[in-house]
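Structural description and commentary
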Number of protein chains: 2
Amino acid sequence: MLAPTTLNLSGERFSVVYHIVGNYEEVMRKAEDICVEQTIEFPADLVPDDDIRSSIIGRIEEVDTCDNNTFRVRISYAVEIVQGELTQFLNVIFGNISLKPGIRVQDLHLPEALLRDYCGPRFGISGVRSLVGAFDRPLLCTAIKPMGLPVVELSRQVYEFALGGVDIIKDDHGLTNQSFSSYRERVSRCTASVQQANQQSGRVSIYAPNVTAPGEQLFERAYFAKQAGAGALLVSPGIVGFDRMQALADDDQIALPILYHPTFLGSFVTAPFNGISHRVLFGLIGRLAGADIVIFPNFGGRFSFSHEECLSIAQAAREPLGHVKPIFPAPAGGMKIERIAEMMETYGKDVILLIGGDLHRHPQGLQRASQLFRESVLQGGKVLWQSDYLAPTIRQ
Amino acid sequence: MLAPTTLNLSGERFSVVYHIVGNYEEVMRKAEDICVEQTIEFPADLVPDDDIRSSIIGRIEEVDTCDNNTFRVRISYAVEIVQGELTQFLNVIFGNISLKPGIRVQDLHLPEALLRDYCGPRFGISGVRSLVGAFDRPLLCTAIKPMGLPVVELSRQVYEFALGGVDIIKDDHGLTNQSFSSYRERVSRCTASVQQANQQSGRVSIYAPNVTAPGEQLFERAYFAKQAGAGALLVSPGIVGFDRMQALADDDQIALPILYHPTFLGSFVTAPFNGISHRVLFGLIGRLAGADIVIFPNFGGRFSFSHEECLSIAQAAREPLGHVKPIFPAPAGGMKIERIAEMMETYGKDVILLIGGDLHRHPQGLQRASQLFRESVLQGGKVLWQSDYLAPTIRQ
């Protein structure tokens, strides 16, 4: 027999909406299992009938039919079991049950009692807009690439993109600290390039190096980027952990906007009956973890997200969430210059349009391609050149 | 036009075996896409025919039929593109393509040119055996629980488990630093308990606190645990990142065995046609990232891993991998005392048997349950009590 406890809980609870596969009886059994598995992980019949049973174990709050074989079940948890730790929050919403099929985190209901433990994004949409001085249009973003190009070439790309009017120029997320592309040399040269272009253009473009790196090197790279004059940081929380993205965002010495790259996270969203919804993984968790910009593969590109899934990310990025600032959705992944109008119509003006490889197709080079990219956005997506038409002329 | 480069690559390549869904033509198209997406992420037709095209882009090495609609494709990558960084290694083997359905990382071929950048587990099977002084039998492991119990009760559990002969007593992975279970108080009391029990028993049991925590707190907790006399650390790399588990393992000031908990990682393995195989995720990546013990849900328990999947983890944990030490598989997740013989037969003696909640079912308490657990293992799995039979007598 276990002794009763006095836990002094506040009574404040957050909740998770799960989609659970099965008939009603199966789903209720699974829901009860979730309540236990995500908290006490202990035979429920051995728990004394005290605070643990009434407050620590998850509580089924609502059950609704989704379709014939899926139910929407809202389960609440005491705020105290996650105690302001993003790591434990992830562990409770989808830790061990990630190992069970037929359970998907669909939505989160987060009270201020939980949100107050999170700073969220430092800049958000309005902060990033202020940095680049663009207040009423979509922002433009691109990436330097391909991996293997000498640093001097990559920094030349930064210069041309910036001179052409791209607001945010990021490292390709595969650029790290390779022998053929040393991190420090790349960041030094690319920040110099963007500053030179800014002086010439009178505008403010920013360069965002990829700081995704093992252990302490993540922060070493972030501090180096800050000192070198980088304007933002690219990080892959699927690899280094969401808590590390949060730590970068919360660091007052760094104080730079954070671009959240989705690499390595696909398995959470590709299976329909397991995982975490696009809305939660990219939108809500991204904001809790301090991202100012969330990059995701747009529908109709190289990836398979649907129109609806992409909109759900954009909504979660921008909807009210207590004191947590709204952030920019940045649809990407094989976007072409001809799709600007469609993207602006889909996402509105609070969006960052990320076009990468396609800008390299213009026969007059990156600066010209960037000018046309910018001009097209300023003209509401008017098609000023067609990459597919031009491509054959520069194919080898 | 991009300028040609001289990359000075060694020619050493590692390779990834992917299972790709589709007919032959679709699979070859997907395979070529993987070669580009995971490296240059750039229109292949715009890359000059130089080192980048020949060496940086992934290379299809072998294609075999798996079944009617799946092919096994081995793709190699230059060792230099991951350059000794575990984060970039994960990014290359399954970064952006995680966002595409029908691609699964099935196996890895890792040459010494890659392995030499990884210390791997500090202890491995023989090192952990030396610590607890048990050389020719499965080790015994359990967890203190449930969340919500006062620290004094949890530390009493540690004492009883250790006195009864459990080798490794870990925190439940939901125990972090809650108001009702302060990390420092728990670790101080539990290490004192295990030391007291060891003095009485003359054996060596070890206590493994859960150090999974946000940002810098991960290392603060690990250092605190070390100073307090903890004998191992429990960490959840699915939440804090594999590179952080590696950093814990590589830290000479910590120098404690690492228990790899699988929480939050389920989505990588639950979908059959996307993700990472059990063998790679829990076995090979676990070893690269320094785990000495990999915990996973055993077949026939609360979770859904198959017998074959569990064996694939155990094999990957223990097979030769260059200088990287073999590690203990620790099947868990609702294991019962009656299944010891079956687990010993399945996994052999180089295994850690993790039985949690079931030990709480014995009417004479945890110490007695632990003694019988140990005695059963020493007698090859002889059933000395049956939890299912006893359970009703203590159900409320």
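Here the structure is a predicted model, which means the values were calculated and not measured. (Residues numbered from 1 in each chain as written. Chains lettered and ligands numbered in written order. Predicted model: local features only at pLDDT ≥ 70, side-chain atom pairs only at ≥ 80, totals over all residues. Heavy atoms only, no water.)

Quick word on the relation of the copies chain A and chain B
In screw terms, the move from chain A to chain B is a rotation of 180 degrees and a rise of 0.0 Å along the axis, fitting with an RMSD of 0.0 Å. Such a combination of rotation and displacement between the chain copies is what one expects of a two-fold axis. When C-alpha distances to the rotation axis are compared across chain A, the minimum falls at Gly241(A), with a value of 2.4 Å. Both copies contact each other with a shared surface, as 100% of the interface residues of chain A are interface residues in chain B too. (Least-squares fit on C-alpha atoms with pLDDT ≥ 70 in both. Contact = heavy atoms within 4.5 Å.)

A closer look at the interface of chain A and chain B
By a widely used convention, the size of an interface equals the accessible area lost when the partners come together. In this complex, chain A contributes 91 residues to the contact, which on the side of chain B involves 91 residues. Buried surface at the junction of chain A and chain B, summed over both partners, amounts to about 7,700 Å²; 59% is from carbon and sulfur atoms. Inspection of the chain A/chain B interface yields 5 salt bridges. Where Arg221(A) meets Glu85(B), a salt bridge forms, and the shortest distance between an N and an O atom there is 2.6 Å. Taken together, chain A and chain B are joined by 36 residue pairs in polar contact (both at pLDDT 80 or more). Every element with two or more residues in the side of chain A that touches chain B is listed here: helix 2 (51-56), helix 3 (86-94), helix 6 (151-164), helix 8 (217-228), helix 9 (237-240), helix 10 (242-250), helix 11 (266-270) and strand 10 (274-276) of chain A. With 6 residues, the top contributor of residues to the side of chain A that touches chain B is helix 3 of chain A. By residue class, the composition of the side of chain A that touches chain B is 41 nonpolar, 32 polar and 18 charged. (Buried area = accessible area lost by both parts, 1.4 Å probe. Salt bridge = Lys/Arg side-chain N within 4 Å of Asp/Glu carboxyl O. Polar contact = N/O pair within 3.5 Å; in protein donor to acceptor, adjacent residues only side chain to side chain. Helix = DSSP H or I, 4+ residues; strand = E, 2+ residues; numbered from the N terminus. Nonpolar A, V, L, I, M, F, W, Y, C, P; charged D, E, K, R; others polar.)

Concerning the pairing of strand 2 (residues 59-67) of chain A
Residues and elements named next belong to chain A. Alignment of strand 2 against strand 3 (residues 70-78), held across 7 bridges, turns out to be antiparallel. Within the sheet, the bridge partner assigned to Ile60 lies in strand 3 and is Ile75. Connecting strand 2 to the next strand, strand 3, in antiparallel fashion are 2 residues. (Pairing = 2+ DSSP bridges.)

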